[in-house]
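If you want the building blocks of each chain, they are given just below.
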Amino acid sequence: MTLNLTLLVVMGVMMAVGIYLLLERSLTRVLLGIILISNGVNLLILQSAGRAGESPLVRDGMDAEEYLDPMPQALLLTAIVIAFALVSFMLALIYRSWVLARQDEVADDEEDRRVAEAVGAYDPEEDAEVSTETSEFIDELDPNTGKLRTSEYVPEPEQDTADEGPASKQAEQKEGRK
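Description of the structure in this document.

Conventions adopted
- Residues numbered from 1 in each chain as written.
- Predicted model: local features only at pLDDT ≥ 70, side-chain atom pairs only at ≥ 80, totals over all residues.
- Heavy atoms only, no water.
- Helix = DSSP H or I, 4+ residues; strand = E, 2+ residues; numbered from the N terminus.
- Buried < 20%, exposed > 50% of the residue type's maximum accessible area, 1.4 Å probe, protein only.
- Contact = heavy atoms within 4.5 Å.
- Areas by Shrake-Rupley, 256 points an atom, 1.4 Å probe, with all protein chains shown as cover.
- Axes fitted to C-alpha atoms, helices over the stretch in contact; angles between N-to-C directions.
- Parallel < 35°, antiparallel > 145°, perpendicular 65-115°, else oblique.
- Left-handed = near helix turned anticlockwise from the far one by under 90°.
- Nonpolar A, V, L, I, M, F, W, Y, C, P; charged D, E, K, R; others polar.
- Salt bridge = Lys/Arg side-chain N within 4 Å of Asp/Glu carboxyl O.
- Expected span 1.5 Å × (residues − 1).
- Arc of directions from axis to C-beta.

Turning our attention to the overall build of the chain. Counting its secondary structure elements, the chain contains six helices and two strands. Expressed as a percentage of its 178 residues, the buried residues of the chain come to 18%. Of the contacts formed within the chain by residues at least 6 apart in sequence, a portion of 45% connects residues at least 24 apart. Counting every atom, the chain has about 14,400 Å² of accessible surface; 59% of that belongs to carbon and sulfur.

If you want it as structure tokens, here you go:
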């Protein structure tokens, strides 16, 4: 049985990158890692089949070495079905996470933090809770003025009640009618 070195190197790279992506906190990267690992395993099973041979139908006058072993093909089809089911499940998890929390990051829960503190692996600088919006360029609507404020926006100081505003205009109209 001869092995193709190129396919083995590609399989090793796919498995290594897949494991790296699988260890990330983003569910999308975990999904990509699962896809790469499953494709790497498929290449491994393909390599284990060996050289191409005749179909495994019994014919008179053929030696047993000329036939192709059907087991790796069956394992390959099974691996493809399992990978498809796993990818479908991960896509459902990612969609549900996005609908509920508008994020695909896996966050630590209280039990993770408690265990990390008990073991001594808790680092306050790295493990502190981060707010969901960390961008300084997010535009927000100021509830007091109703204007859009950016990160450079400084609220204007309070002005007299004699200013013309919607309430003072209505008061002037009422006084003018009397």
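Let us look at the packing of helix α1 (residues 5-22) against helix α2 (residues 27-48). With their axes 7 Å apart at the nearest point, α1 and α2 run at an angle of 155° to one another. When the axes of α1 and α2 are compared, the pair comes out roughly antiparallel. Remark: the crossing between α1 and α2 carries left-handed chirality. When the residues that make up the contact of α1 with α2 are grouped by side-chain class, the tally is 18 nonpolar, five polar and one charged.

So, on to the packing of α2 against helix α3 (residues 71-101). Two numbers describe how α2 lies on α3: the axes approach to 10 Å, and their chain directions differ by 180°. Accordingly, the angle class assigned to the pair α2 and α3 is roughly antiparallel. Considered class by class, the residues forming the contact of α2 with α3 number 18 nonpolar, five polar and no charged.

What follows covers the pattern of salt bridges. Where charged atoms from two side chains of opposite charge come close, those side chains can pair. Within the structure shown, the criterion is met by two salt bridges. In this structure, E24 and R29 form a salt bridge, with 3.5 Å as the shortest nitrogen-oxygen distance. Given the relative accessible area of 42%, R29 is considered partly exposed. R114 serves as the salt-bridge partner of E111, at 2.4 Å between the closest nitrogen and oxygen. One end of the pair is E111 and the other is R114, both in helix α4 (residues 110-119) and three residues apart, which spans about a single turn. The class for E111 is partly exposed, based on a relative accessible area of 41%. Accessibility expressed as a relative area gives 49% for R114, which makes it partly exposed.

Another aspect to go through is α1. Between its first and last C-alpha atoms α1 spans 25 Å; for 18 residues at 1.5 Å apiece the expected length is 26 Å, and the two agree. Burial in α1 covers these residues: M11, M14, G18 and L21. Take α1 and look down its axis: the buried residues cluster within an arc of 100°, on one side only. Along α1, the residues that are exposed and aim more than 90 degrees away from the buried face are L5 and Y20. Check the buried side of α1 and you find it contacts α2.

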